[in-house]
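Observations on chain architecture
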Amino acid sequence: MNKLTLWGIVFVLAMLLFTYISVSGSEGGLHGDIINQLGVAGAVALVIITVYVVVGYVRQMQEKTADGQLADEQWDGIGEYLNEVPTGWAVMFLGTMIWGMWYWVAGYPVNSYSQIGEYNEDLAVQNAKYEAQYGSITGDRLVEMGESVFLAECKVCHGLTADGIDGKAANLNQRIAAKSVKYTILHGSNNELLGMEMPMPDRNGLFNANSGALITDAEIDAVATYVANGLSGTGAGANIFAGTCASCHGADGAGMDMVAPSLKAFSPKLVTNVLNHGKKAAIGTMPSFATKLNSKQKEAVGAYITSLSK
Amino acid sequence: MFHWLEKNPFFFAVGVFVTIAFAGLVEILPNFAEQSRPVIGTKPYSTLELAGRHVYIKNSCNACHSQLVRPFKSETDRYGHYSLSGEYAYDRPFLWGSKRTGPDLMRVGNYRTTDWHENHMKSPASVVPNSIMPGYAWLFTNVADIDTAYAEQLTVAQFFSVPYNQPVPMKDGSTAVVKMGSSVADANALALAEAKVIVADMRDQDVKDAVASGKIPEIVALIAYLNSLK
Amino acid sequence: MENRPLEYDYTVAKMFMLTTIVLGIVGMLVGVILAFELAFPSINTILGSGLAEYTNFSRLRPLHTDAVIFGFTLSGIFSTWYYVGQRVLKVSMAESGLLMFLGKLHFWLYLVGVAAVVVSLLAGVTTSKEYAEFEWPIDIAIVVVWVIFGMSIFGLIGIRREKSLYISVWYYIATFLGIAMLYLFNNMEIPTILGTSAAGESGIGAWYHSVSMYAGTNDALVEWWYGHNAVAFGFTVPIVAMIYYFLPKESGQAIYSYKLSLLSFWGLMFLYLWAGGHHLLYSTVPDWMQTMGSIFSIILILPSWGSAINMLLTMKGEWQQVAASPLIKFMVLGSTFYMFSTLEGPIQAIKSVNAIAHFTDWIVGHVHDGVLGWVGFMIMAALFHMAPRVFKREIYSKSLMASQFWIQTVGVVLYFTSMWIAGITQGMMWRAHDEFGNLAYSFIDTVTVLHPYYAIRGVGGLLYLTGFLMFAYNMYKTMSARPVEESELQSASPMGA
Ligand code: HEM
Ligand code: HEM
Ligand SMILES: [Ca+2]
Ligand SMILES: [Ca+2]
Ligand SMILES: [Cu+2]
């Protein structure tokens, strides 16, 4: 075989290998996704056609000799043959022009295609598939799904391990940090954590039934530590909690429907509320994901976060 | 005929020009008016946001970031609703970009926040490990050019009737008014008021001090702009 | 009289040769820095964090594109025009004092423009539009330079001895007209000092700042009508002008087919302008314009390939020349890369392929297939051919040229294979959903996988730059190499060992 042809084949094979590497680099490869398939087909065609044609012409350099009738004129010594255009080229040129006109006039007449229409159809298909396959999953699978949402959407703020990246966002491996509890008591809270307007009063509205007075600085520190430690133990903090907070958050801190959220543990519901309304507090601002995630995804990521602090 | 043209440079040039100019007319002129009509909910940029947009352009963020959400499920999942032509009615220049070394920012205001931007712009890898985005520390000390932003507001209001100080319709049926100062001093005061809102959510003490003393660092303007991308 | 060769005057051609080389080095060096910044972000602060504002990726990227386009490529175009123009029109610039003056003025004003561009881009003064970053004062300077270029072209044509225009001249004329039209319309902008406040103040803010005449989608349409055709009239048309002269001249072969030249030229002129829509696929531009962009891109393959095939066929039966001369190798491989990128482009212009390719490194790969393998190779080949004629010395070293050829070829191959993988990988990762129907990857996951490919691209770029420095050295040494005896060199350029 001609050395050049051999090089051409080697080159094509190498590019096919690279294309294979790219495709397998993405989870699930072609995914039965028509766009992925066409993209790769285009890449493959590109290499094969170019190499085939170029090798063909280079063979002509190697094997044929120049001939034809020369034109009379010369420019700085450069002559021109009066050769006809290569037939293949002429046919292709004419062919593509006819194809173009056909496409324009008959194949896909002006305005008969709408990319938004195509999007809507595609979306409906994908959503239906998703509903059917995953709409009703629960338990461990739900947590797994939640983890996948977390890794795609949340890790840029909360970090790969949900540790909050050095206090830049909430550490979701624990229900709440002392700093946040303290901040909430000092400033109150109005983040619709219950899914509705139900603010928590600031310190000027927090009456300690044990002492018969408003909560003091020392008491705030104590109760914050107690809450951050998962409401375990029996020290001063526990007493203050019982006297000040339990009326709303419950004696065990597990919260009450429509009254106050749980301070003991995350629940998918609490997380969903945070996702729907965002949250602005001691650490910073958590954006709302109300429309970016669907309700199944919110439930799933809620299940995942709940599983973290268990 | 072609041989004749090749001997007559003037007509040759005219021939080339007509051949190439023709396409431009057909391609660009139709739909020109319709493309620039704002959709409901699109507001002109405020003074500080526009100054932030200038910071974005000055640093060529568009070299790595697009602002165009294409109608694919994978993109609407990642970035939000696909882009509509009318959303860009006040974008001069457009900032669609042509390379996504970083993610699209068309709607970044929906899912990132002031404090996150502050951390991220100072040192991207500190919040996103292995990020290849450069840090933009100098934005925290350079002072934003509010005057030029104001001049641009005046120019677009005068030449293109951009509706400043006029009610524009919002999605919920209400109207909003974007204010434009009546003088340079007034415009600077408006921008400072906006800056104070942003800086309240920031941590950097030097930036806070600067705004308190009436200067607006570029980062504050940039964040105002990023937050406006929704 | 007819037989005695004319004494052509290459003063202006020489001046632009110099800027081609210098700006080529600058532009490519910045390109290599950019490439490594994406692979190793700490290079963003290579001169310390105090200077990071001027050394980070985003500030430097427009400097790279503009230095290689408006510096390297444009200088190459000017330089070859001032060489080829005289020869194929059979008239010397020395015959007209006015044309000499215009040529020199052209050069010096161009240099002023280049300096203004470098300073303004480093300072962050830009309008953000790709390949049209300059603010209005620089636009005006560019228009002036361009008008002078036009006067030089038509002035020389006006006093020509050769009645009919050679193919290369067609392409130079088209370059002039195309860029003139595109640049003017895309840079319609209103200086903001024209705004007047209610309090009556005017001249507010930065004097050089302006705002585009068009908004949003319209602005995008005009910009990519320009951007696509800036590629046409900057990276294709004038480079075709070069190959139509330098390949037959260097090889001593006659052009394969006049008819093919003719059809390719007018086909290219007619079709190119319609294809700009392929930069706006799936955007908010009306569907029919996008479809039109795709269709015309496909048809465009043929006139593009027409020129390339014509060149390859001109070398029919001349393999021994290709094998023997590195100079001809540059041009033959150049046409090959031209074919590759003009098939790659149309394939990427198919809507479904573009859905993957757009916004990814596959486009950057496509770009550099064209600019490194075609534009870069052709311009260097042209200068190599010109050197013995303008300096009247033989090319300093053939073996250096041969090594340069292979080093750069490896460089281009590394560049486009790495970007090929990177682009397709990233495009597919962005689209991927996992088994739960959620996005499979967060954005940063799609960035970190590219690291090895960015590093490989950096190495490829470094090889190309190395080759370019060898080219510069070879040219420099040529100026003091062995003089050539013949008064008028015919085909193959003389080369030292
Ligand atoms: C038939 C000829 C060609 C066609 C149809 C074509 C088509 C395309 C397409 C579809 C894109 C990508 C747009 C996107 O998705 O962002 C593109 C980008 C590009 N092409 Fe080509 N191409 C052709 C030839 C060339 C050649 C020969 C060169 C250079 C020598 C070139 C230089 C570029 C450049 C610089 C870009 C990047 C534009 C940007 O900044 O986004 N193209 N081309
Ligand atoms: C030493 C060789 C070179 C290297 C290493 C290099 C590297 C780069 C890099 C890293 C980028 C940015 C890509 C991105 O944003 O991801 C780029 C863009 C670009 N370069 Fe080069 N470059 C080189 C030579 C050239 C030459 C010689 C030309 C033109 C004659 C050129 C024209 C361009 C263009 C037009 C773009 C913009 C592409 C786009 O926006 O799609 N480059 N180059
Ligand atoms: Ca680009
Ligand atoms: Ca401009
Ligand atoms: Cu294009």
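Computed from a predicted structure; not experimentally measured.

Some remarks on the overall build of chain A
Assigned secondary structure in chain A consists of 10 helices and four strands. Shown N-terminal to C-terminal, the secondary structure of chain A runs as helices and strands in the order α-α-α-α-α-α-β-β-α-α-α-β-β-α. In terms of C-alpha radius of gyration, chain A reaches 34 Å, well past the compact-globule figure of 19 Å for 310 residues. Each of the three principal axes of chain A carries a C-alpha extent, and together these read 115 × 45 × 45 Å. The buried share of chain A, reckoned over its 310 residues, is 40%. Long-range pairs, those at least 24 residues apart, make up 50% of the contacts in chain A between residues at least 6 apart in sequence. Carbon together with sulfur atoms contributes 61% to the accessible area of chain A, which is approximately 16200 Å² in total. Of the charged side chains in chain A, 19 are positive and 28 negative; the average position of the first set lies 12 Å away from that of the second.

What about the site of ligand 1?
Residues and elements named next belong to chain C. The environment of ligand 1 is made up of 28 residues, and the closest members are Glu130, Tyr131, Asn354, His358 and His366. In the environment of ligand 1, an oxygen atom lies 2.6 Å from a nitrogen or oxygen atom belonging to the side chain of Tyr131. In the model, an oxygen atom of ligand 1 is placed 2.6 Å from a nitrogen or oxygen of the His358 side chain. Considering every element that reaches the shell around ligand 1, the biggest residue donor is helix H13 (residues 361-391), with seven residues. When grouped by side-chain class, the residues that make up the shell around ligand 1 number 13 nonpolar, 14 polar and one charged. Two domains each provide a minimum of three residues to the shell around ligand 1, namely domain 1 (1-191 + 230-243) and domain 2 (364-480 + 492-497).

Observations concerning the packing of helix H2 (residues 9-28) of chain B against helix H6 (residues 167-186) of chain C
Running from N to C, H2(B) and H6(C) point in directions that differ by 50°, and their axes come no closer than 10 Å. Considering the angle they form, H2(B) stands oblique to H6(C). Of the two elements, H2(B) crosses H6(C), and the hand of that crossing is right-handed. Residues Phe12(B), Ala13(B), Val16(B), Phe17(B), Ile20(B) and Ala21(B) of H2(B) lie in contact with H6(C), whose contacting residues are Trp170(C), Ile173(C), Ala174(C), Leu177(C), Gly178(C) and Met181(C).

Observations regarding the coordination of the copper ion (ligand 5)
Residue and element names in this part refer to chain C. The protein atoms that coordinate the copper ion (ligand 5) are His228 (ND1), His278 (NE2) and His279 (NE2), at distances spanning 2.1 Å. For the copper ion (ligand 5), the single-chain donor residues occur in sequence as H-x49-H-H. Between the copper ion (ligand 5) and the iron atom of ligand 1 the interatomic distance amounts to 4.5 Å. Pair noted here: His228 is in helix H7 (residues 216-251) and His278 is in the loop between helix H8 (258-272) and helix H9 (287-314), with a separation of 50 residues, a long-range link. The same class applies to His228 and to His278, which are both buried.

Comments concerning the domain arrangement of chain C
All names here are of chain C. By the assigned domains, chain C splits into domain 1 (1-191 + 230-243) and domain 2 (364-480 + 492-497). Put simply, the middle of domain 1 and the middle of domain 2, counted by C-alpha atoms, are 21 Å apart. Counting residues at the interface gives 30 residues for domain 1 and 30 residues for domain 2. Note on domain 1 versus domain 2: buried area summed over both sides is about 2600 Å², and carbon and sulfur give 86% of it.

Some details on the site of ligand 2
Near ligand 2 lie 25 residues; those nearest to it are Lys99(B), Arg61(C), His64(C), Glu130(C) and His368(C). One of the side-chain N or O atoms of Arg61(C) is found 2.7 Å from an oxygen atom in ligand 2. Note that a nitrogen atom of ligand 2 is positioned 2.8 Å from one of the side-chain N or O atoms of His368(C). Elements supplying a minimum of two residues to the shell around ligand 2: helix H1 (11-39), helix H3 (57-89), H13 and helix H16 (451-478) of chain C. Residue composition of the shell around ligand 2, grouped by class: 14 nonpolar, six polar and five charged. Split by domain, the residues of the shell around ligand 2 number at least three in each of domain 1 (1-191 + 230-243) and domain 2 (364-480 + 492-497) of chain C.

Looking at the interface of chain B and chain C
Facing 85 residues of chain B, the contacting portion of chain C comprises 102 residues. Summed over both partners, the interface of chain B with chain C comes to about 8000 Å²; 68% of that surface belongs to carbon and sulfur atoms. Scanning the region where chain B abuts chain C turns up one salt bridge. Note that Asp361(C) is salt-bridged to Lys99(B), the shortest N-O span being 2.9 Å. For the side of chain B that touches chain C, the elements supplying multiple residues, two or more each, are helix H1 (2-7), H2, helix H3 (32-35), helix H4 (47-58), helix H5 (73-79) and helix H8 (146-160) of chain B.

Quick word on the domain arrangement of chain A
As far as domains go, chain A holds domain 1 (1-56) and domain 2 (142-308). A straight line from the C-alpha centre of domain 1 of chain A to that of domain 2 of chain A covers 54 Å.

A short note on the coordination of the iron atom of ligand 2
Ideal donor angles around a metal are set by the shape: a four-donor tetrahedron calls for 109.5 degrees, a six-donor octahedron for 90 or 180 degrees. Residue and element names in this part refer to chain C. For the iron atom of ligand 2, the full set of protein donor atoms is His64 (NE2) and His368 (NE2), at a range of 2.0 to 2.1 Å. Taken together, the six donor atoms surrounding the iron atom of ligand 2 define angles of 86 to 179° at the centre, an arrangement classified as octahedral. In this pair, His64 is assigned in helix H3 and His368 in helix H13, connecting sequence segments 304 residues apart. Residues His64 and His368 agree in their burial class; the two are buried.

Description of empty space enclosed by the protein
The final tally for this structure, using the stated rule, is eight cavities of 30 Å³ or more. Of the voids in this model, the largest cavity is the one considered here, and its volume is about 640 Å³. Together, 35 residues line the largest cavity, and His65(B), Gly102(B), Pro103(B), Trp116(B) and His120(B) are the ones closest to its centre. Of all the elements in the fold, those that place two or more residues in the lining of the largest cavity are helix H5 (139-158) of chain A, H5, helix H6 (114-122) and helix H11 (218-228) of chain B together with helix H15 (443-448) of chain C. Top element by residues in the lining of the largest cavity is H6(B). It accounts for four residues. Looking at side-chain class alone, the lining of the largest cavity contains 22 nonpolar, eight polar and five charged residues.

Looking at the environment of Val30(C)
All names here are of chain C. Within the secondary structure layout, Val30 lies in helix H1. On a C-alpha basis, the gap between Val30 and Asn187 in space is 26 Å, while along the polypeptide they are 157 residues apart. Not counting residues within four places of it along the chain, the set of residues in contact with Val30 comprises Leu60, Leu63 and His64.

Conventions we followed
Throughout this description, residue numbers start from 1 for each chain and increase along the sequence as written. A letter from A marks each chain and a number from 1 marks each ligand, given out in the order of writing. Only residues with pLDDT of 70 or above have their local features reported here, since the model is predicted, and side-chain atom pairs are shown and tallied only from 80 upward, although totals for entire chains, interfaces and linings are computed over all residues. Hydrogens are left out, water is left out, and the side-chain values use all remaining heavy atoms of the structure. Comment: elements are numbered from the N terminus, with helices defined as DSSP H or I runs of at least four residues and strands as E runs of at least two. Atoms counted for the radius of gyration: C-alpha only. Globule rule: 2.2 Å times residue count to the power 0.38. Relative accessibility under 20% of the residue-type maximum defines a buried residue, over 50% an exposed one, and the middle range a partly exposed one, all with a 1.4 Å probe and only protein chains included. Should any heavy atoms of two residues lie within 4.5 Å, those residues are counted as being in contact. A 1.4 Å probe and the Shrake-Rupley method give the accessible areas. Residues count as covered only by the protein chains that appear here. In this count, Lys and Arg are taken as positive residues and Asp and Glu as negative ones, while His and the chain termini are left out. Charge positions are represented by NZ for Lys, CZ for Arg, CG for Asp and CD for Glu. Throughout this document, a residue counts as near a molecule or strand when at least one of its heavy atoms sits within 4 Å of that molecule or strand. In the analysis that follows, any N or O atom pair within 3.5 Å is treated as a polar contact, provided that within protein one partner can donate a hydrogen and the other can accept it, and provided that, for residues neighboring in sequence, both atoms belong to side chains. For this scheme, ten residues count as nonpolar: Ala, Val, Leu, Ile, Met, Phe, Trp, Tyr, Cys and Pro. Four count as charged, namely Asp, Glu, Lys and Arg, and the remainder, Gly too, count as polar. Segment limits for the domains were obtained from an automatic or database-derived domain assignment. Geometry is summarised by axes, namely lines fitted to C-alpha atoms with helices restricted to the contacting stretch, and by angles between N-to-C directions that run from 0 to 180 degrees. Any angle that is under 35 degrees is reported as roughly parallel, and any over 145 degrees as roughly antiparallel; angles of 65 to 115 degrees are reported as roughly perpendicular and all others as oblique. We call a crossing left-handed when the near helix sits turned anticlockwise from the far one by less than a right angle, and right-handed when that turn is clockwise. With water excluded from the atoms, a metal site may look incomplete; its donors are any N, O or S atoms within 2.8 Å, or within 3.2 Å for Na, K and Ca. We define buried area as the total accessible area lost by two parts upon association, computed with a 1.4 Å probe and summed across both. We define a salt bridge as a contact between a side-chain nitrogen of Lys or Arg and a carboxyl oxygen of Asp or Glu at a distance within 4 Å. A four-donor site is called tetrahedral if each angle lies between 85 and 135 degrees; a four-donor site is square planar, and a six-donor site octahedral, when trans pairs exceed 155 degrees and the remaining angles lie between 65 and 115; all other cases are labelled irregular. Of the two site types, the cavity is a set of points on a 1 Å grid over the protein atoms alone where a 1.4 Å probe fits but cannot get out, and the pocket is an open set with protein on both sides within 12 Å along at least five of seven lines, each lined by residues with an atom within 4 Å of a point. Grid points are joined across faces, edges and corners, and a volume is the space filled by probe spheres set on the points.

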